[in-house]
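Notes for the structure review
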Amino acid sequence: MIRANEHFSKLQASYLFSDIAKRVQTFQDANPDVDVIRLGIGDVTRGLSPAIVDGFRQGVEEMAQDATFRGYGPEQGYPFLRDAIAANDFHSRGADISADEIFVSDGAKCDSGNFQELFAKDIKIAIPDPVYPVYLDTNVMAGRTGTYEDGRYQGIYYMDCLKENGFMPELPKTPVDLIYLCFPNNPTGATATKEVLRTWVDYARENKALILFDAAYEAFIRDESLPRSIYEIKGAKEVAVEFRSFSKTAGFTGTRCGFTVVPKACNVYAADGTKISLHGLWNRRHTTKFNGVSYPVQKAAEAVYSEAGKVQVKEYIDAYLANAKVIRQTMADLGFDFVGGENSPYIWIHGGGRDSWDFFDLLLNKAGVVCTPGGGFGRCGNDYIRISAFNSLENVTKAMERVKDALK
Ligand code: PLP
């Protein structure tokens, strides 16, 4: 008898985006003349920048000729891309990461979801609330949690991120082995200072723990004092893995490319305390289960680091940050409490006593604007909504005018 992995039955069906779609459809059916503006899901809307398209095209042209055709490439990524990443994303910021510590992949969702395979089943895991759901659900699938009760999985150490603590997870009060952190944060848009990251690196070093640091939104950081990588913190190389993505940086959500940094200095431990190289484990997993990102996509990603690419990618992000500013200003004018949107595409808004779905319905029905109810990201999100800056300035401005009219 073929048995199922019954841990999957513990998963809470994610009704979030299907519920949103249903409510939007109902509204649209009743109000066919309203052009609904979507500031809900975190997907980019702008086309790829010209330098990136040139890189992509060059890769495709090379594939068309016998002389330059490429078949299977190195699973970890082509050296031209790994070298460009090491130089531009790390060396330029004083982080000593070498090209062979970078594993190019098809995105941060897969890597952040797959990485837990490398750890024992009975480790203790700390996860922020609210959270990007992938970290949690992949550990549920792997059998690292108990059942779901009162909005939470048994066995997980939840780190509440609320206004009272500046939306920053606090150091665990009981020991944990694996810590998920994400800055700039999805969904709250909060950013961490170097001092905050230092406390986490110190904690991990003292407790032989590991940090999985998701920096998918680092390109939105404009405040030069904020760290873009955890490796800007001394000692992080021994205790942290970093996930990166070209999705939001350069509009690759449909093109698919990202990478994970696994420093050679990073170790995990056997039950008897023997050190095991995490780099070796991930390399083994990656080369066994993954056959590399397509050559044209890696050429497109390489172009992100060309002189023209750097300028265009900055303009690309600036456009979304300009949208975020309009959203922030509107929320400030309306007197809402909010965080994010300064070094992040997300603005996390307290509903002033409204439940997150009630606030969602209010914006949809009175303004024709779609946001994301915070409850979909965890119990601590029940009083919040997330508004995303991924749309055109024209639509964001129109949406915010409507929200002002509806709520003033
Ligand atoms: N990490 C976070 C925090 C995200 O919000 C997202 C996408 O929304 C991802 C990772 C996924 O990135 P990718 O498109 O590279 O898979």
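Note that this is a predicted model, so its numbers are computed, not measured.

The next subject is helix α9 (residues 295-303). In terms of burial, α9 is a largely internal element, eight of the nine residues being buried. When α9 is considered as a whole, its buried residues turn out to be Tyr295, Pro296, Val297, Gln298, Lys299, Ala300, Ala301 and Ala303.

A few words on empty space enclosed by the protein. Under the criterion given, the structure shown has one cavity of 30 Å³ or more. Within this model, the largest cavity holds a volume of roughly 50 Å³. Lining the largest cavity are Pro128, Cys161, Phe167, Pro169, Leu181, Cys182, Phe183, Asn185 and Thr188. Of the residues belonging to the lining of the largest cavity, the class tally is seven nonpolar, two polar and no charged.

Lining the immediate environment of the ligand, one finds 14 residues, of which Asn186, Asp214, Tyr217, Ser245 and Ser247 sit closest. In the environment of the ligand, an oxygen atom lies 2.9 Å from a nitrogen or oxygen atom belonging to the side chain of Lys248. Taken by itself the ligand offers 400 Å² of open surface, and the protein chains cover 90% of this. At a threshold of 2 Å from the grid points, most atoms of the ligand map onto the largest pocket. Looking at the shell around the ligand, the elements that each hand over two or more residues are α4 (108-114) and α7 (247-250). The residue makeup of the shell around the ligand, split by class, is six nonpolar, four polar and four charged.

Let us now look at the packing of aromatic side chains. The full count for this structure, using the stated rule, is 26 aromatic pairs. Judged by centre distance (6.1 Å) and plane angle (80°), the ring pair of Phe220 and Phe390 falls under edge-to-face. Linking Phe220 in the loop between β8 (210-214) and β9 (240-245) with Phe390 in the loop between β17 (384-388) and α12 (393-407), this pair joins segments that are 170 residues apart in sequence. Phe220 gets classed as buried once you look at its relative accessible area, which sits at 0%. Judged by its relative accessible area of 2%, Phe390 is buried. Here the aromatic cluster, defined as three or more aromatic residues joined through ring pairs, consists of Phe90, Tyr231, Phe246, Phe252, Phe259 and Tyr305. Positioned above the aromatic ring of Phe359, the side-chain terminus of Arg354 is 5.0 Å from the ring centre.

With burial as the criterion, each face of strand β2 (residues 102-105) is covered, one bearing Ile102 and Val104 and the other bearing Phe103 and Ser105. With four bridges joining them, β2 and strand β10 (residues 258-261) adopt antiparallel strand pairing. For Phe103, the partnering residue across the bridge sits in β10 and is Thr260.

Okay, the pattern of salt bridges next. Overall, the coordinates contain 29 salt bridges when judged by the stated rule. Residue Lys194 is joined to Glu232 by a salt bridge in which the shortest nitrogen-to-oxygen separation is 3.9 Å. With Lys194 in helix α6 (residues 194-207) and Glu232 in the loop between β8 and β9, this residue pair connects regions lying 38 residues apart in the sequence. A relative accessible area of 16% means that Glu232 is categorised as buried. Between Arg198 and Asp202 there is a salt bridge, with its nearest N and O atoms 3.0 Å apart. Here the residue Arg198 and the residue Asp202 both occupy positions in helix α6, the gap between them amounting to four residues, near one helical turn. Overlapping salt bridges, with partners in common, bring together Asp89, Glu218, Arg228, Glu242 and Arg244 in one network.

Quick notes on the rules
- Residues numbered from 1 in each chain as written.
- Predicted model: local features only at pLDDT ≥ 70, side-chain atom pairs only at ≥ 80, totals over all residues.
- Heavy atoms only, no water.
- Buried < 20%, exposed > 50% of the residue type's maximum accessible area, 1.4 Å probe, protein only.
- Helix = DSSP H or I, 4+ residues; strand = E, 2+ residues; numbered from the N terminus.
- 1 Å grid on protein atoms, 1.4 Å probe; cavity = no way out; pocket = protein on both sides within 12 Å on 5 of 7 lines; lining within 4 Å.
- Points joined across faces, edges and corners; volume = space filled by probe spheres on them.
- Nonpolar A, V, L, I, M, F, W, Y, C, P; charged D, E, K, R; others polar.
- Near = heavy atom within 4 Å.
- Polar contact = N/O pair within 3.5 Å; in protein donor to acceptor, adjacent residues only side chain to side chain.
- Areas by Shrake-Rupley, 256 points an atom, 1.4 Å probe, with all protein chains shown as cover.
- Sits in = over half its atoms within 2 Å of the grid points.
- Phe/Tyr/Trp six-rings, centres within 6.5 Å; stacked < 30°, edge-to-face > 60°.
- Lys NZ or Arg CZ within 6 Å of the ring centre and 35° of its normal.
- Pairing = 2+ DSSP bridges.
- Salt bridge = Lys/Arg side-chain N within 4 Å of Asp/Glu carboxyl O.

Any functional reading would require information beyond the geometric quantities listed.
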